[in-house]
Each structure stands twice: as structure tokens, then as C-alpha cells.
Amino acid sequence: MSRRIALLFLAFLMILVVQPTIAESKGEKTIRIAGDRNFPPFEYMSSAGVYSGFNVDMMNAISIETGIKFEFVPLPWNQAIQALHDGKVDAIQGMKYSSERDKVYDFSKPYFTSVQAIFVRKDNVHIRELEDLKKTRVVVQKGDIANELLKKDQGITLVEVGSQQEAITLLSTGKVDAFVGNRITGQYFVQVMDKQENIKIVGGPLHPEAYGMVVLPKNKKLLTTINESIEEIKKDGTYEKIERKWFGEPILPWSTYFEKWMFWLKIAVLVAAVLFIGILWWNRQLKREVSKRTLEIEQINKQLQEKMRLLQENLYFQQQLLDSAYSCFVTLDQNGKIAMYNQKAQEMLYFSGDMAGKSFRDSPIVEFIPAKQIKQTFDHTVVYLQQEVTWRRADEKRILSYSLFPHKNQEGESIGVILNFSDITRRKEWEKQMAESNRLRALGQLMLGIAHEIRNPLTSILTYAQLLPKKMDNKEFCRLFSEQITEEITRLNDLVDDLLNYAHPRKSTPTSFPLATLVESIFILLNQNLTQKELSIKQEISTDCFIFADRQQVQQILLNIILNAIDALDVKGELTIRGKNGGSQVLIEIEDNGCGMEEADLDRIFEPFYTKKNDGIGLGLANSYQLIQENHGSIQVKSQLHECTIFFLQFPNTSTTKDETDVSSHDH
């Protein structure tokens, strides 16, 4: 008995000793694994900032299978390779096999077959295969297997870029003759960038080879576990699901379908034979089965009744939500009949009875929403947003705001129209009162500024006028009197001119002119100011930037902003001007690394007579703002105290005479 107790005690001690070792052995490893950050659909950063793709899903499946924790490090492809060599990562999740690469890396078992292709523009007629690439400019991705294919031929001029997306861009713009890269990724970017009309693939598939994970030889032991997990996920169907998710199902030839049909036909014949043999037994069991099925049908019927009850409650809840909304909602079906409406709409439209099922043309809706717009929303899925209209009803004038949205089913087909409208009469009255209050406040500030700016020169003139009888014989006094009186009068005259320009700016005469030429002429005018402070000037302006505006007024705007930037800069400061096209607008940025502005100043810099300069009047930016509005432009400012200030300007690059009512709607 005592011997048995001793054996049990020893066994208990062994369990205590072994258990920590097992727990430690089951602890998760963390492997840093790199991949291309822009190589869809294999690996890429999604629009939501998540690292996604076929390779990423494969690594996650391996992680689940092995318990190894992967830390993904998305990088440009050449940097990912360099990170592996520098020891910053342990592996690369996907690389195409080649004999040259096999000398440097150890490859896992392949989990894909990678194929290259030649991409050319649609107008190409002479490039059909690799041999035709001699004496041409070919773009490839840095570190891609295409470098090995093409560097053997010395007659090809290679252009290396960071990603295959950049390569497609160069090819589409005609800067290179061809692009050699991954066939699937290239087709992906051609479709995403909408380049199908001017880019095609020539020749057959190039260099089909195995594709898998790679490590340096010192980490070869890691591949043992990885290879086992790759085999396992292929067996359990995980690999097939991942492949179908990212590459879809292949379209099989007719012979393959025929063989499958024949196989299933044989199975069907066999099943029919078995059914025929068992038909007698089936007849015996029929009554028992019918009874069983009847019971199941009763249960299903109860479930359907419960679902119908839940559906009715859901519809009632939806109606409560609509009734609790502040706005009015009305939905129309595809025949223009009212399907649903909330309590607010019933009260505003004075519905005397149930309007469901009646045409909207027989309701007050047509009194403030044009039937043409409702038809366009249904037929062409046009969205009308925040349309304002005046509605007179029962001798009462109301201002309404309405929006129209197409009602679509799951297939994206238009099945009706959603109307959303509300009474904004009171809000408009508040806005009018606020505008009047702001106008009076601005007028008071303007009068204070005028009084301040006029009082200073008048004080100087008054002082000299009082001293004139006593010092008329003093030549020095007379000289100073003549100079300073003239200066003060000139100052008053300039102030009056600035006020006139601010109150009634000259009507703009828009023309189309290059931005780069205008900026060059401004810097020539300000050359002395720039030289005195030894400023560094950077111009990043596209040659195709043409502004459609009054050239003289735009010059005055830029001159005012650049002069303010020069005043804010210290010696050897930096001033940068950027310009580029953005759709129908030209985008201009003027940045300096000067003293910056406080947040409180940003809200007032465009007010007249607001300035922090000792010798400033405060009308420069106010006049600039007026001129920008006159030329259909816009301006915004960002600034950080003691760091930098950036002015963002926009001007049209085409005529702005389009009817403003056209911008009230857009395609949904």
C-alpha cells in the first residue's frame, strides 16, 4: 500500500515538472514577414489601410495551422528584399522561383504558379514577343523577376520603377514602349486605372514558375513547419477557398464539362437502380414518412407565422423611426404612387386621408417639387440634394429644402424614388438676422480702421500747419514740411485707392494664361527683396497649368501673399510655390517656413484693416480675397506658430459661365 502511494507521489511530481515545459513549447512564435505593399491581388494596402491579398490570406491560414504568429511588414518590393538581407525581417511571403534566386534564398513548397506577360499600347504593331523588345524602352519593377529575363539582352533599355502601377502609368502615357511584369497584377491595374482601351497583352505566358515563401539559408529550419502546413491547407480545402476568393473559378473547356456530366450520369443511373430496388421498402415506410412530414410542415408553418409576426413588428418599427424623424419622408414606387410617408409629411402636406397607393401628381408634392426632377431621379438615378424652393399654400409663404434619391433593389435596379424635405423658413430668417448682424459689425470695424488710418497723417499735417507761422523762415523746416506733407497726403490717397478697390473691385477680364510664366515675372519684380534675405525659392509648377482669370488681378493676389511671406521669413528662409491641375481647377500652394500665425489670427486675416505689421494698413489680403471671389476662385490658410504658413488657392482653368443650376444634381 505504501509502495503504491509513493509511486503516485512520484508521478504527481513528474507532471508538475513537465507541465511548464509543455506550456512553453506551445507558446506562439512571432515571425516578421515582408511583402510588396502594392502588388494586387497578391498583396497590397486596401483603401481602408488594411494589408490584404492572396499571400496575406495564405500566411494567416498557415498561422492558424501552425500556431506561428506573423507580423506583416508591407514595403516597396525592392525594399522588402533588402530588409530580408539586412535581417530586419525573417522571410518574404511570396517570391517567384528562378535558378539565380535559388542560389541566394531557400524556397518553401510552391503554393501558386506565377506567369509574366508583355504589356504594350493598343497602337503597337511591332512588339509581339521577347525578341521584339530589342532597341526599345521597357519598364520593369525594381527587384522583379523580369529584370533577369531582360538583362540578358543588351539591346533593351530598362526603366525601373517602384511598383507595377507606376509601370502601367508610364506605358499608358507613352513614356516607354512596353512593360514586362506579372500577368495577373498587370491586368488588375489596367482594369482599375481604366486603361483597357489603350493597353493590351501580346505573346503567350512568359516564364511560368513556382511561387512561394523564401528565407535566407540561416532560417531554413522555418520552412519545415511552413511546408507541412501548406500541404495540410491544400488537403482540407482551405487553399481552394482562398484561391477562389482572389482569382475566381476557372472556366473549363467543354470536354471537361462533358466528362463531369458523364460521371454524374453514371452516378444517377446507379442511384436510380438502388432506388428501384428499395421502392418496395419505401412503399411500406410511406405512411410513416407522410405522418412525419405532416408534423414537420406544422412546425414550419408555426415558424413562418412567427417570422410574419416579426416582419410586421419590423415594419411597425420602421414607421415609428420615420415618424420620429425631424424631416418629412415620402417614398414613391415605380409607378409614381405613394408607398410610405411619415407623420411629419402628413402634417406638412395636410393629408386628409390615407394617401398610400395614390399618385404623387394628385398630392401637394407637385406644388414644390417638379415632376420632371422626380422622373429623372427614377429613370436616370439622378440625385438632387438640398434644393431650396418657395411654397405658397393657404396664403402662407414657406421656404422648403428637398432632396431626391433613387430607391434601388439588391440588383441595383431603380424601383422608386425617396423624397426628403423640410421647412427651413425659420432657419432662413435666423441666417438673415445673423448676416445683418455680421454686416453691421464689419461696418463698425471698417469705420474704426478708416478713422485710425486717417487720423495719423492728419495729426502730422496739423502739427506742421501749427508750426508753419513760427518757422516759415527756417529752410530746413520748409524742406521737411514739403517732404512729409507730400508723403502723408500720398498715404491718404493710397488709403482711399485701397478702399475703393475693396468696395468696388475692377470687373475681371478673364483670359487663359500659364501659371509658371506669371510666377516667374513676380519673382523678377521681387528679386531685390529675395536677395536681401538670401531666401531659398522652390517652384514646383506643372507646365500644363493654365488659369482662366484676370491675369493682372491674379498677379496682384499672388504678389500680396508672397510679400507677406517674405516679411514673415527670417534670413535664408524657404519659400515654395506649387501648382498643378485638379480637374476643372488649378490648385496653387504658397508655403513659407517663417514665424507662422496664431489660431486666433487665422479667422481675421481677411478682414479689412486687420494687421500685425507696424507699417501695414491691413487691406492687402482683404483686397486679395475680393479679387479671388471676382475670379471664381477660393482661398484657405493653414498655419502653425513658429513653423510654417501655407496658402491654398484655387482658380478655374476653363470658362465658368456654366449655368449654376446645373450643379444642384449629380449622377448617383
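Along each chain, the written sequence defines residue order, and numbers are assigned to residues from 1. Local features in a predicted model are, by the rule used here, given only for residues with pLDDT of at least 70; side-chain atom pairs are given and counted only at 80 or more, and totals for whole chains, interfaces and linings are based on all residues. Only hydrogens and water are set aside; all other atoms, that is, all heavy atoms of the structure, feed into the side-chain values.

## Observations concerning the packing of helix H2 (residues 54–66) against helix H9 (residues 238–247)
Turning to step 1, where the next piece is worked out: Between N-to-C directions, angles span 0 to 180 degrees; the directions come from axes that are lines fitted to C-alpha atoms, helices contributing only their stretch in contact. Secondary structure counts use DSSP, requiring at least four H or I residues in a row for a helix and at least two E residues in a row for a strand, with both numbered from the N terminus. Between H2 and H9, the shortest axis-to-axis distance is 10 Å and the interhelical angle comes to 160°. It follows that H2 is roughly antiparallel to H9 by the angle criterion. H9 is crossed by H2, and the crossing has right-handed handedness. Here H2 contributes Phe54, Asp57, Met58 and Ala61 to the contact with H9, which in turn contributes Thr238, Tyr239, Ile242, Glu243, Lys245, Trp246 and Phe247.
Turning to step 2, where the next piece is worked out: Polar here means any residue other than Ala, Val, Leu, Ile, Met, Phe, Trp, Tyr, Cys and Pro, which are nonpolar, and Asp, Glu, Lys and Arg, which are charged; Gly is therefore polar. Across the contact of H2 with H9, the residue classes tally to 7 nonpolar, 1 polar and 3 charged. Relative orientations are named as follows: roughly parallel for angles under 35 degrees, roughly antiparallel for angles over 145 degrees, roughly perpendicular for angles from 65 to 115 degrees, and oblique for any other angle. Handedness of a crossing is defined here by the sense of rotation of the near helix relative to the far one, left-handed for an anticlockwise turn of less than a right angle and right-handed for a clockwise turn. Here, two residues are considered to be in contact whenever any of their heavy atoms come within 4.5 Å of each other.

## Section: the packing of aromatic side chains
How two aromatic rings sit relative to each other is given by the distance of their centres and the angle of their planes.
Turning to step 1, where the next piece is worked out: Centre distance within 6.5 Å is the pairing criterion for rings of Phe, Tyr and Trp, where only the six-membered ring of Trp is used; planes under 30 degrees apart are then read as stacked, over 60 as edge-to-face, and the remainder as tilted. For the structure on display, the rule yields 21 aromatic pairs.
Turning to step 2, where the next piece is worked out: Here Tyr51 and Phe72 contribute two aromatic rings whose centre-to-centre distance is 6.0 Å and whose plane-to-plane angle is 65°, an arrangement assigned as edge-to-face. With Tyr51 in strand S4 (residues 51–52) and Phe72 in strand S5 (residues 69–75), this residue pair connects regions lying 21 residues apart in the sequence.
Turning to step 3, where the next piece is worked out: For each residue, the accessible area found with a 1.4 Å probe, counting protein chains only, is set against the maximum for its type, and the residue is called buried under 20%, exposed over 50%, and partly exposed in between. Judged by its relative accessible area of 24%, Phe72 is partly exposed.
Turning to step 4, where the next piece is worked out: Aromatic pair Phe119 and Phe179: ring centres 5.3 Å apart, planes at 25°, arrangement stacked. Here Phe179 lies in strand S11 (residues 178–182) and Phe119 lies in strand S8 (residues 112–121), a separation of 60 residues in the sequence. Accessibility assignment for this pair places Phe119 and Phe179 in one class, buried.
Turning to step 5, where the next piece is worked out: A network of ring pairs unites the aromatic residues Phe39, Phe42, Phe54, Tyr111, Phe112, Tyr211, Tyr239 and Phe247 as a single cluster.
Turning to step 6, where the next piece is worked out: Working rule: Lys NZ or Arg CZ, within 6 Å of ring centre, within 35 degrees of ring normal, means a charge sits over the ring. A cation over an aromatic ring shows up here: Lys234 above the ring of Tyr239, its NZ or CZ 5.5 Å from the ring centre.
Turning to step 7, where the next piece is worked out: The ring of Phe513 carries Arg551 above its face, with NZ or CZ at 5.8 Å from the centroid.

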